[in-house]
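# Remarks on the overall topology
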Amino acid sequence: MDTLINLVNKLQKACTALGDFGEESSLPTLWDALPTIAVVGGQSSGKSSVLESVVGKDFLPRGSGIVTRRPLVLQLHKIEEGKEYAEFAHLPRKWFTDFAAVRKEIGDETDRVTGRTKQISSVPIYLSIYSPNVVNLTLIDLPGLTKIAVEGQSDSIVQDIENMVRSYIEKPNCIILAVSPANQDLATSDAIKISREVDPKGERTFGVLTKIDLMDKGTDAVDILEGRSHRLKFPWIGVVNRSQADINQNIDMIAARRKEREYFFNSPEYSHLANRMGSEHLGKVLSRHLESLIKSRIPGLQSLINKAILDLETELNRLGNPIAADSGGKLYMIMEICRAFDQTFKEHLDGIRAGGEKVYGVFENQLPSALKRLQFDKQLSMENVRKLITEADGYQPHLIAPEQGYRRLIESTLVTIKLPTEAVVDAVHDILRDLVRKSIKETKELKNYPPLKVEVMNAAYESLERMKNESKRAALQLVDMECSYLTVDFFRNLPQDVEKGGNPTHSIYDRYNDAYIRRVGSNVLAYVHMVVGTLRHSIPKSVVYCQVREAKRSLLDRFFTELGAKEGRQLGKLLDEDPEITQRRQNTVKRLELYRAAQCEIDTVVWAK
Ligand SMILES: Nc1nc2c(ncn2[C@@H]2O[C@H](COP(=O)(O)OP(=O)(O)OP(=O)(O)O)[C@@H](O)[C@H]2O)c(=O)[nH]1
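Calculation rules
Residues numbered from 1 in each chain as written. Predicted model: local features only at pLDDT ≥ 70, side-chain atom pairs only at ≥ 80, totals over all residues. Heavy atoms only, no water. Helix = DSSP H or I, 4+ residues; strand = E, 2+ residues; numbered from the N terminus. Buried < 20%, exposed > 50% of the residue type's maximum accessible area, 1.4 Å probe, protein only. Contact = heavy atoms within 4.5 Å. Areas by Shrake-Rupley, 256 points an atom, 1.4 Å probe, with all protein chains shown as cover. Lys, Arg positive; Asp, Glu negative; His and termini not counted. Salt bridge = Lys/Arg side-chain N within 4 Å of Asp/Glu carboxyl O. Core = buried A, V, L, I, M, F, W, Y, C linked by side-chain atoms within 4.5 Å. Pairing = 2+ DSSP bridges. Phe/Tyr/Trp six-rings, centres within 6.5 Å; stacked < 30°, edge-to-face > 60°. Lys NZ or Arg CZ within 6 Å of the ring centre and 35° of its normal. Axes fitted to C-alpha atoms, helices over the stretch in contact; angles between N-to-C directions. Parallel < 35°, antiparallel > 145°, perpendicular 65-115°, else oblique. Left-handed = near helix turned anticlockwise from the far one by under 90°. Nonpolar A, V, L, I, M, F, W, Y, C, P; charged D, E, K, R; others polar. Expected span 1.5 Å × (residues − 1). Bend = angle between axes of the 7 residues up to and from the residue. Near = heavy atom within 4 Å. Polar contact = N/O pair within 3.5 Å; in protein donor to acceptor, adjacent residues only side chain to side chain.

### As for the overall build of the protein chain
Each helix and strand in the protein chain was counted, giving 22 helices and eight strands. Considering the protein chain as a whole, with its 609 residues, one finds that 49% of them fall into the buried category. Sequence-distant contacts, at least 24 apart, represent 80% of the contacts inside the protein chain between residues at least 6 apart. As presented, the protein chain carries roughly 30400 Å² of accessible surface, and 53% of it is formed by carbon and sulfur atoms.

Written as structure tokens, this is what we have:
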């Protein structure tokens, strides 16, 4: 059974070392789930004395007024043999064998947080005592409840102490040691009042009656101790601690315990209860109760730990890897993050994520309707056809077919396709930029590193800009190519013009009759339509080749090359993550270690059963 309490002691020790004891953490803490025993009561009710009696050691700061100003988490570890010693969590591996020095250190450590004032703090002091003369227990000494603030204390201190005490004892796993002095009316006991509030059925409250020896002559506590008045679920335990005079005379704990035993055995009122009175009995009762409580809580603890591990792993995953110390590691990390971004970007284009389909929308809708909107009316008006053909003839009207005229007409018409071509390139560019922005947002690895995020975004935008320019050049070249060499077969298959008509005596532009001009115009239109039909398919090919395929292939290539030339310090700047995230990651890692260790400890105990 000792192993069970040892287990809880170990877990609590780990929690304290990691500051994992409640409020500050957003995750459910192991601390909350571990059974503890807290000592509560009014100021000077004898809490510290009870604690010392249970431990059998004189080590707590004493004095009048408010002495306990920070919670003291006291873990008692029974050792088989050897000299007893104490160890503080804030002074690891410093073993105190002089308990007067322990008392001094508690005072000093209290002052370190609260200053030499009468203020209080909820940050606990953690102390372990290893001794052959103790039972395995964890006890928490809390500041005494008070009714008024004294000089040097803020007005809120009464409420502050009450809130702090409540925050410890309201946890369902806390066993409450409610200390009330027998020489005061129990109806006014602060300990009973606050413990009733948090444990109305008294299922985890142990009533301890101190100062029985100080009761007025002719009065006794038998009614309470026998459970006839102020009944609690567990029987009251009476104790007689050292009086101030005993302390002043340096009466040691062993002598004090003997005196206490004698007191109960020799008092006619209490001798029949002597076997279930006193500090020693209290220690055993508490230890037994704690053991059974821990046993019943093991399955719950296990599932809490398993769940916490899962949650912490998810959190750690979300926070990403810690930053490597050397430049090689940093470079690798940046490359990995960039690769994750690149992958996300590709997934958008490949249809694994949404967005890439918009590119197809440009080819299928925007381009055809823009081409359709080009009416070629202006270029192929009768007037313009006549003008261009006549001008192209030069000094000699053409003999068979207006070849130069056709060329000029076709060229001047095809040029109008350049505008929608450029618009397609621009539209695809905008889509790609949008996908970069989306991918940056979706790459969780980038979230922690704002400078790297900006650099990656700029590098990707720059690449897209270069690709856009190249794509424009290539697509416009397609149009130029159509202008520079006409499809011979088309013209070979045209019926030869015979009747050109016209009136040579009028203006030079009347050289050809309307029917002839109309026929030339419609031939040009037919040819242009044929070319548009081809471009409608070749422009998307060119755009995909120069922009989409290239973005998929080498969006960050240049960035990677530049990265290789950067020094460790510059790389470090890129990975300059939000310090809050670094802190959160460190805390999560620590907590995860704690929970994993706890999982092993519990498994060992369960298997050993
Ligand atoms: N005679 C006698 N004196 C006691 C008993 N218990 C405590 N005292 C004395 O009462 C005074 C206060 O005891 P503490 O144990 O310091 O009380 P506390 O509740 O821890 O005090 P704070 O931490 O300041 O709230 C000391 O002088 C003790 O010697 C007792 O059972 N009998």
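Next comes the rest of the account.
### Some remarks on the side chain of arginine 257
Along the polypeptide, arginine 257 turns up in helix α9 (residues 253-266). Glutamate 280 provides the closest opposite charge to the buried, unpaired arginine 257, separated from it by 4.4 Å. Sequence-distant contacts of arginine 257, defined by excluding residues within four places in its chain, comprise Ser53, Val54, Val55, Gly56 and Glu280.

### Quick look at the nonpolar core
One finds Phe341, Val436, Leu452 and Val456 to be the most contacted residues of the largest nonpolar core, which totals 68 residues. In terms of residues, this core owes the most to one element, helix α19 (residues 514-554), which gives 13 residues. Setting aside anything within four residues of it in sequence, one finds valine 456 in contact with Cys338, Phe341, Ile440, Leu446, Leu556 and Phe559. Ala86, Ile129, Phe234 and Leu290 belong to the second-largest nonpolar core, a separate cluster that totals 52 residues.

### A closer look at the sheet that holds strand β4 (residues 125-131)
Here eight strands make up an open sheet; going across it, the order is β3-β4-β2-β5-β1-β6-β7-β8 and the pairing mixed. Each having just a single partner strand, β3 (85-88) and β8 (237-238) make up the two edges of the open sheet. As paired elements, strand β7 (residues 205-210) and β8 share two bridges and run parallel to each other. Opposite leucine 209, over in β8, you have glycine 238 as the bridge partner.

### A few points about the packing of aromatic side chains
Across all of its chains, the model carries 13 aromatic pairs by this definition. Consider the rings of phenylalanine 490 and tyrosine 527, whose centres lie 5.1 Å apart with planes at 70°: the pair is edge-to-face. Highlighted residues: phenylalanine 490 in helix α18 (residues 488-492) and tyrosine 527 in helix α19, separated in sequence by 37 residues. A residue is classified by how much of its surface remains accessible, and phenylalanine 490, at 19% relative accessible area, is buried. On the basis of relative accessibility, which here comes to 0%, the residue tyrosine 527 falls in the buried class. In textbook terms, an aromatic cluster arises when at least three aromatic residues are bridged by ring pairs, as seen for Tyr406, Phe490, Phe491 and Tyr527. Here the basic side chain of arginine 433 rests over the ring of tyrosine 461, its NZ or CZ set 3.7 Å away from the ring centre.

### Brief notes about the packing of helix α13 (residues 382-393) against helix α14 (residues 403-414)
The description of two helices packed together rests on the angle between their axes and the distance between the axes. Relative orientation of the contacting elements α13 and α14 amounts to 130°, with a least axis distance of 8 Å. Judged by the angle between their axes, α13 and α14 are oblique. Crossing handedness for the pair α13 and α14: right-handed. Residue-level contacts link Asn384, Val385, Leu388, Ile389, Glu391 and Ala392 of α13 to Gln404, Gly405, Arg408, Leu409 and Ser412 of α14. Its residues placed into classes, the contact of α13 with α14 shows five nonpolar, four polar and two charged.

### Thoughts on helix α12 (residues 357-373)
With 17 residues, α12 should cover 24 Å at 1.5 Å per step; its first-to-last C-alpha distance of 24 Å lies within 8% of that length. Where α12 bends most, at phenylalanine 363, the angle is about 25°. Those residues of α12 that fall on the buried side of the exposure criterion are Val359, Val362, Phe363, Leu367, Pro368, Ala370 and Leu371. Of the surrounding secondary structure, the elements contacted by the buried residues of α12 are α15 (418-442) and α19.

### Side note on the site of the ligand
In the vicinity of the ligand lie 24 residues, with Lys47, Ser48, Ser49, Arg242 and Gln244 positioned nearest. Serine 44 places a polar main-chain atom, nitrogen or oxygen, 3.2 Å from an oxygen atom of the ligand. In the environment of the ligand, an oxygen atom lies 2.7 Å from a nitrogen or oxygen atom belonging to the side chain of serine 48. Counting only elements with at least two residues in the shell around the ligand, the list comes to α3 (47-55) and α8 (244-248). The element that contributes the greatest number of residues to the shell around the ligand is α3, accounting for three residues. Among the residues making up the shell around the ligand, the classes are represented as five nonpolar, 14 polar and five charged.

### Here's the deal with the pattern of salt bridges
Where side chains of opposite charge bring their charged atoms close, a pairing between them can arise. Here the structure, examined in full by the defined rule, presents 33 salt bridges. Close ionic contact of arginine 70 with glutamate 109 constitutes a salt bridge, the shortest N to O distance being 3.3 Å. Remark: glutamate 109 occurs in helix α4 (residues 99-114) and arginine 70 occurs in the loop between α3 and β2 (72-78); sequence separation between them is 39 residues. Arginine 70 gets classed as buried once you look at its relative accessible area, which sits at 4%. Between glutamate 550 and arginine 549 there is a salt bridge; the shortest N-O distance is 3.5 Å. Residue glutamate 550 is classed as buried on the basis of its relative accessible area of 17%. The exposure class assigned to arginine 549 is partly exposed, which follows from its relative accessible area of 36%. When salt bridges that share partners are traced, they join Arg70, Glu105, Glu109 and Arg112 into one network.

### Observations concerning the pairing of β4
Of all seven residues in β4, seven are buried, a share of seventy percent or more. Here β4 shows a buried face lined by Ile125, Leu127, Ile129 and Ser131 and a second buried face lined by Tyr126, Ser128 and Tyr130. Relative to β4, β2 runs parallel, the two being bridged by seven bridges. Note on β4: the bridge partner recorded for leucine 74 is leucine 127. Note: β3 against β4, four bridges, orientation antiparallel. Of the residues in β4, the one forming a bridge with phenylalanine 88 is leucine 127.

### What about unusual backbone geometry?
The backbone phi angle of serine 44 is positive, close to 65°, even though this residue is not glycine. Mapping serine 44 onto the fold places it in the loop between β1 (36-41) and α3. By relative accessible area, which is 48% here, serine 44 ends up partly exposed. Look at lysine 211: it is not a glycine, yet its phi comes out positive at around 55°. In this structure, lysine 211 sits in the loop between β7 and α7 (222-225). What makes lysine 211 partly exposed here is its relative accessible area of 25%.

It is worth stressing that arrangement in space is one thing and function is another; only the former is reported here.
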